[in-house]
Amino acid sequence: MVKQILVATDGSGKASEAVALAANIARAFDARLTILHVLFHGLRAEEASRFAEGESLAFRLSSQVAPHLQQMPETMNDLMLAYQGDVGQLMGLLAERISEDAAESARSLGATLVDTRVEVGDYAMTILATAEQIGADLIVVGSRGLGRLKGLLVGSISQKIAQHAHCSVLVVR
């Protein structure tokens with residue numbers, strides 16, 4: 001029986017699919033759902049842009065973190081260039097927004113016991129450590145779709161999680 005589900009999200013389309021599937025499983029089993037966003041040390045604007053652009057988070061965040069701006073930024077790069085404060089704080093706000101948006105989505109699909117967490121560290125190791133901490137029965141992650149050659153050479157986060165997890169892992173493709 002599944003009682004505790006951990007789903008990792010980076011705000012991408014594939015991660016949103018993982019959140020939706022995890023929410024449906026949580027609803028079916030009346031399980032607790034923990035939504036995790038991992039901030040990687042040294043995250044660059046281009047990387048932030050990759051997972052944020054599809055959700056138009058740059059525009060939504062800009063009104064929160066830089067209300068003084070005359071023109072609202074359209075991309076994360078634009079927001080980071082225009083932002084006058086601590087970039088680490090900006091990335092923290094972005095991470096919170098990603099996890100809260102995922103939680104709202106999960107609740108709208110019928111998951112009732114939903115928690116969010118934002119952690120800093122290596123993606124795979126942080127997901128695995130969080131799963132251990134909360135006693136997860138199931139980890140749900142999206143697949144990045146690196147392609148066969150690149151996946152073999154570099155490995156993927158989902159492969160590392162599946163290989164080292166203490167519980168079942170569901171990879172959404």
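All values reported here derive from a predicted model rather than from experimental measurement. (Residues numbered from 1 in each chain as written. Predicted model: local features only at pLDDT ≥ 70, side-chain atom pairs only at ≥ 80, totals over all residues. Heavy atoms only, no water.)

Evaluated as defined, the whole model comprises five salt bridges. Linking Lys14 and Glu17 is a salt bridge whose minimum nitrogen-to-oxygen distance equals 3.3 Å. Taken as a pair, Lys14 and Glu17 lie in helix 1 (residues 13-29) at a separation of three residues, close to a single helical turn. Overall, the relative accessible area of 38% leaves Glu17 in the partly exposed class. Between Asp101 and Arg97 there is a salt bridge, with its nearest N and O atoms 2.9 Å apart. Pair noted here: Asp101 and Arg97 are both in helix 5 (residues 87-108), with a separation of four residues, about one helical turn. You can call Asp101 buried: its relative accessible area is 18%. Taken together, the shared-partner salt bridges connect Arg97, Asp101 and Glu104 into one network. (Salt bridge = Lys/Arg side-chain N within 4 Å of Asp/Glu carboxyl O. Helix = DSSP H or I, 4+ residues; strand = E, 2+ residues; numbered from the N terminus. Buried < 20%, exposed > 50% of the residue type's maximum accessible area, 1.4 Å probe, protein only.)

What follows is about the side chain of Thr130. Mapped onto the elements, Thr130 comes out in helix 6 (residues 123-134). At a separation of 2.8 Å, a polar atom in the side chain of Thr130 contacts the main-chain carbonyl oxygen of Thr126. Each residue touching Thr130, except ones within four places of it in the same chain, is listed here: Leu6, Leu36, Arg117 and Glu119. (Polar contact = N/O pair within 3.5 Å; in protein donor to acceptor, adjacent residues only side chain to side chain. Contact = heavy atoms within 4.5 Å.)

Turning our attention to the confidence of the model for the protein. In the predicted model, the protein carries a mean pLDDT of 81, and 66% of its residues have values of at least 70. Between residues 51-55, whose pLDDT stays under 50, and residues either more than four places distant or in other chains, the model counts 13 contacts. Throughout residues 149-154 the model reports pLDDT below 50, and contacts reaching past four residues in sequence, or to other chains, amount to five contacts. (pLDDT = per-residue confidence, 0-100.)

Turning next to the nonpolar core. In terms of nonpolar packing, the biggest core is built from 20 residues, with Ile5, Val7, Leu33, Ile35, Ala106, Ala111 and Val140 touching the most fellow members. Looking at this core, the elements with two or more residues in it are strand 1 (4-8), helix 1, strand 2 (32-39), helix 5 and strand 4 (138-142). With six residues, the single largest contributor to this core is helix 1. Aside from chain neighbours lying at most four places away, what touches Ala111 is Ala23, Ala26, Arg27, Leu33 and Ala106. Leu6, Val38, Ala124 and Ile127 belong to the second largest nonpolar core, which has 14 residues in total. (Core = buried A, V, L, I, M, F, W, Y, C linked by side-chain atoms within 4.5 Å.)

Take the sheet that holds strand 3 (residues 114-120) next. Read from one edge of the open sheet, five strands run 3-2-1-4-5, paired in parallel fashion. Every interior strand has two partners, whereas the edge strands, strand 3 and strand 5 (168-172), have only one. If you compare each strand with its neighbour and ignore which way they point, the axes differ by 20 degrees on average. Note that strand 2 and strand 3 share seven bridges and pair parallel. Across the sheet, the residue bridging to Leu33 is Val114, located in strand 3. Contacts from helix 1 reach strand 1, strand 2, strand 4 and strand 5, with the element oriented near 170 degrees to strand 1. (Pairing = 2+ DSSP bridges. Axes fitted to C-alpha atoms, helices over the stretch in contact; angles between N-to-C directions.)

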